[in-house]
Amino acid sequence: GESLRTPALRAAVEGVVETLLVAAPRGSRVAGIGFVDPGIVDPENGLSLYSTLFPHWRDVPIRSMLGERFGLPVHLSNTPQAKATAEFLFGTARRRPDFIFIEFGEGLACGIYSGGRLVTGAGMMAGEFGHTHILGRDDPCECGGRGCLEALVSLRALGRRVRGLLGVGRFWPSAGDPRPVDLPA
């Protein structure tokens, strides 16, 4: 399976980091690398445990891989927690010690700030409410489980439902752009 241990994907990730480092303003000092994964991360051990972008991505040692290659400290976070932190530091949640940033898209999760601190929970799982089991539901989820809220309401799930109702894999919007839209599987 495809993982960062394969040369092509590893080269792609390292290429993106290299491009960003080269683009840093001349004379500036880069303090470290932030790696945000839309899946499950273990920042304490520097691992990307599961990525929703790459189905076979498991237990990838991001911190050691990028740290050794670039000689910089590497911090890992998941997407909703990183977005919540960006809002806390730079966005509409500045000077607000308590808020929830809800991420709705391919998945369903949130970043939580309480008392001016990011709430990560055990195993960085605070805010992963998309994988809350809904009683009486058995819909397959991308995580491998069944009956998760995300399997019912994520964009991917809604796309499947629309395709099922239309009986096709593509649909044409009723107004605006006349080109067909491919819905995610």
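To start, this report covers the structure provided alongside it. Fair warning: this is a prediction, and the values are worked out from it, not measured in the lab. (Residues numbered from 1 in each chain as written. Predicted model: local features only at pLDDT ≥ 70, side-chain atom pairs only at ≥ 80, totals over all residues. Heavy atoms only, no water.)

### Digging into the pairing of strand β6 (residues 99-104)
No. 1: One ladder, built from 6 bridges, connects β6 with strand β7 (residues 108-114); its direction is antiparallel. Paired with I100 across the two strands is I112, which belongs to β7. (Pairing = 2+ DSSP bridges. Helix = DSSP H or I, 4+ residues; strand = E, 2+ residues; numbered from the N terminus.)

### Let's talk about the environment of H133
No. 1: Structurally, H133 is set in the loop between β8 (117-119) and α4 (150-153).
No. 2: By relative accessible area, H133 is classed as partly exposed at 44%.
No. 3: Residues H133 and G145, spaced 12 residues apart in sequence, show a C-alpha to C-alpha distance of 8.8 Å.
No. 4: Residues within four places of H133 in sequence aside, it is in contact with R146 and G147.
No. 5: At 3.0 Å, the side chain of H133 forms a polar contact with the backbone oxygen of R146. (Buried < 20%, exposed > 50% of the residue type's maximum accessible area, 1.4 Å probe, protein only. Contact = heavy atoms within 4.5 Å. Polar contact = N/O pair within 3.5 Å; in protein donor to acceptor, adjacent residues only side chain to side chain.)

### A few points about the packing of aromatic side chains
No. 1: Enumeration over the complete set of coordinates arrives at 2 aromatic pairs.
No. 2: Considering the side-chain rings of F88 and Y113, the 4.4 Å spacing of their centres and the 15 degrees angle between planes classify their relative orientation as stacked. Within this pair, whereas F88 is found in helix α3 (residues 79-90), its partner Y113 is found in strand β7, the two being separated by 25 residues in sequence.
No. 3: Judged by its relative accessible area of 22%, F88 is partly exposed.
No. 4: Look at Y113 and you get buried, because its relative accessible area is 7%. (Phe/Tyr/Trp six-rings, centres within 6.5 Å; stacked < 30°, edge-to-face > 60°.)

### Quick notes on the sheet that holds strand β3 (residues 47-50)
No. 1: Within the open sheet, the 3 strands sit side by side as β2-β3-β4. Their pairing is antiparallel. Both outer strands of the open sheet, β2 (40-42) and β4 (58-60), are each paired with one neighbouring strand and no more. Across the sheet, the axes of successive neighbouring strands diverge by a mean angle of 20 degrees, strand direction being ignored.
No. 2: The sheet contact formed by β3 and β4 spans 2 bridges and is antiparallel. For S48, the partnering residue across the bridge sits in β4 and is V60. (Axes fitted to C-alpha atoms, helices over the stretch in contact; angles between N-to-C directions.)

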